[in-house]
Amino acid sequence: MRELTVRDMLYETPGKETRKKTAVATVVSLLVIMVFLCYIVKLFSESGQLDSRYWFFFTKLTTWKFLFEGILGTLEASLLAGTSALAIGFVFMCMRICVYKPLNYIGIALVEFTRGVPTLLFIYFFFLDVPKMGINLPTVWRISLPVAISASGMVSEVLRSGVNAVPKGQREAALSIGMREINVFLKIIFPQAVRYIIPALVSDLVIVVKDTTFSYILSFPDLMQNAKVLISNYDALLSVYLVAGVIYILINYFLNRISVSLAKRSGMTPVVGR
Amino acid sequence: MTISELLSQYGDKYVEALLTTWQLTFISFAGAMIIGIIITVMRVCPVKPLRISGDIYVQIFRNIPGASLLIFLVYALPNLQVILSYYQCVLIATVLIPAAFASEYLMSGINAIGIGQIEAARSLGMDFGIMMRKVVIPQAVRFSILPMTNLLIATMLTTSLASQVPLNPKDLTGLVSYINTRDTGGVTSFLISAVMYCGTAVIIGQIGSYIDRKVRIVR
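Residues numbered from 1 in each chain as written. Chains lettered and ligands numbered in written order. Predicted model: local features only at pLDDT ≥ 70, side-chain atom pairs only at ≥ 80, totals over all residues. Heavy atoms only, no water.

Peer 1: Can you tell me about the overall build of chain A, naming the residues and giving the values?
Peer 2: Each helix and strand in chain A was counted, giving 10 helices and 0 strands. Put simply, chain A runs from its N terminus to its C terminus through helices and strands in the order α-α-α-α-α-α-α-α-α-α. A globule of 274 residues ought to have a C-alpha radius of gyration of about 19 Å, yet chain A, at 25 Å, is considerably larger. Here chain A, with 274 residues, has 43% of them falling under the buried criterion. Long-range contacts, defined here as pairs at least 24 residues apart, represent 74% of the contacts in chain A between residues at least 6 apart. Surface exposure of chain A reaches about 14600 Å², of which carbon and sulfur atoms provide 67%. Each charge class in chain A was averaged separately, 27 positive and 17 negative side chains, and the resulting centres sit 4 Å apart. (Helix = DSSP H or I, 4+ residues; strand = E, 2+ residues; numbered from the N terminus. Rg over C-alpha atoms; globule rule 2.2 N^0.38 Å. Buried < 20%, exposed > 50% of the residue type's maximum accessible area, 1.4 Å probe, protein only. Contact = heavy atoms within 4.5 Å. Areas by Shrake-Rupley, 256 points an atom, 1.4 Å probe, with all protein chains shown as cover. Lys, Arg positive; Asp, Glu negative; His and termini not counted. Charge placed at Lys NZ, Arg CZ, Asp CG, Glu CD.)

The structure is reproduced here in structure tokens:
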């Protein structure tokens, strides 16, 4: 049985009258939804978008192979960005929790900066300005690095919340058996912290996947870019963008589901993300 | 370019861009709250089809990348004979996506109340309206202050999508990419925009946590 949430408990078990009202409302709302869907289908058919020439190539294997290559590109950029964000975020987090005060403030400033600036601004910086400085990054890094930097502040805060969630007694116990502070952190605190925050990290990956969509700015072959190529090959704009959008939604949906089930398994409230 | 060159040449444009970003942010956030509340009401109402369509709305718009949605609105909708201005496209994208998150935050605010309180309210003889007004909504709103603050900041970051279409006046991101494609703006040109974004985010964050401290329920 599905577990009960507050939204199921808001109402009492309905009586005869209420059941009748609910039934009427159900029928009416179904009708409204049907009318809305019909309207969309009508829009599509009237403008000829249901024409088979816009859809036939989705039956070809090569189309899907090409789209799949795009998905691989998206995943490559996302994983690269995700791991880099983890590394940068870890450094930021260390700065924030270390005992040396000035480093604390630098850490806070860096976190606030990366969290308050849109990814696109970082992407344009790496796209327009970094090459002018004579630094030539491989294409995948031109998208992954700005996305990683932009996510790193968020990741750092997630890591810090994990470290704070480890009970104080753990640290005291480790210190009292004579471990050094650095070993306490690396061997006792951090491994436990990671377990608390894996769901939040997975849901942050959704943001990274979304941000890599901007790859089309620099023609990195991700899903969006490959969709554009398909569009120019078959002269079918709407259908391809629709399919690409659905693929993105599915990828992120499953990432969110993984995050929720991981959270449930470790008995925590799931994170909503951004 | 040095900072003084940038400011003398583009100074008023930066101010204009900052105001554009603020305007987009606040209009989008207001729209997102309205739609988010409507979607949340749909998701908690006892009518099944409304619940399901509310859930589907949230799943679609919390998972779609902003760029993908904006490109669809700008380039694909004209194929359906729906022609919107660039500004409208940007606004629709920056309303629909945060609205899904607003609804998620409100839902988790409602879920945070706990079934026991609902049962207690009912056993005291409160009817649905009174229970909503006195027990559910006041607590859900308080739980949602911090998430909503973060959502306002996230909405501001989402408005950088406006740089993907030709707008006049440009937003902060659009202006920087405009300066750097014509000129060698250098790091400074990016930093000015970044500081403006960041400053706005910090101010919003401060106000949010001030309100949160005032209304938080300490357990």
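Peer 1: Account for the interface of chain B and chain A, with residues named and values stated.
Peer 2: Between chain B and chain A, the residue contacts involve 66 residues of the former and 52 residues of the latter. In this assembly, chain B packs against chain A so that about 5300 Å² is buried in total across both faces, 71% of it on carbon and sulfur atoms. Among the residues chain B hides against chain A, the three largest losses belong to B:Asn63, B:Leu80 and B:Phe190. Together they make up 12% of the total. Seen at the junction of chain B and chain A, the total is 0 salt bridges. (Buried area = accessible area lost by both parts, 1.4 Å probe. Salt bridge = Lys/Arg side-chain N within 4 Å of Asp/Glu carboxyl O.)

Peer 1: Explain the packing of aromatic side chains to me, and be specific about the residues and the numbers.
Peer 2: Residues and elements named next belong to chain A. By the definition in use, this model includes 14 aromatic pairs over all chains. When the centroid spacing of 6.4 Å and the interplanar angle of 40 degrees are considered together, the rings of Phe90 and Phe185 count as tilted. You can see Phe90 sitting in helix α3 (residues 61–97) and its partner Phe185 sitting in helix α8 (residues 181–211), a full 95 residues away along the chain. According to the relative accessible area criterion, Phe90 is partly exposed, its value standing at 25%. With a centroid separation of 5.8 Å and an interplanar angle of 90 degrees, the aromatic rings of Phe125 and Phe126 are classed as edge-to-face. In terms of burial, Phe125 and Phe126 fall into one category: buried. Taken together, the aromatic side chains of Trp55, Phe56, Phe57, Phe58, Trp64 and Tyr234 make up a single cluster linked through ring pairs. (Phe/Tyr/Trp six-rings, centres within 6.5 Å; stacked < 30°, edge-to-face > 60°.)

Peer 1: Go over the packing of α8(A) against helix α10 (residues 237–265) of chain A, please, and point to the residues and values.
Peer 2: All names here are of chain A. Interhelical geometry of α8 versus α10 gives an angle of 170 degrees and a closest axis separation of 8 Å. With respect to their mutual orientation, α8 and α10 come out roughly antiparallel. Two secondary-structure elements touch here, α8 through Ile198, Pro199, Val202, Ser203, Leu205, Val206, Val209 and Lys210 and α10 through Tyr248, Ile251, Asn252, Leu255, Asn256, Ile258, Ser259, Leu262 and Ala263. Looking at the contact of α8 with α10 residue by residue, the class counts come to 12 nonpolar, 4 polar and 1 charged. (Axes fitted to C-alpha atoms, helices over the stretch in contact; angles between N-to-C directions. Parallel < 35°, antiparallel > 145°, perpendicular 65-115°, else oblique. Nonpolar A, V, L, I, M, F, W, Y, C, P; charged D, E, K, R; others polar.)

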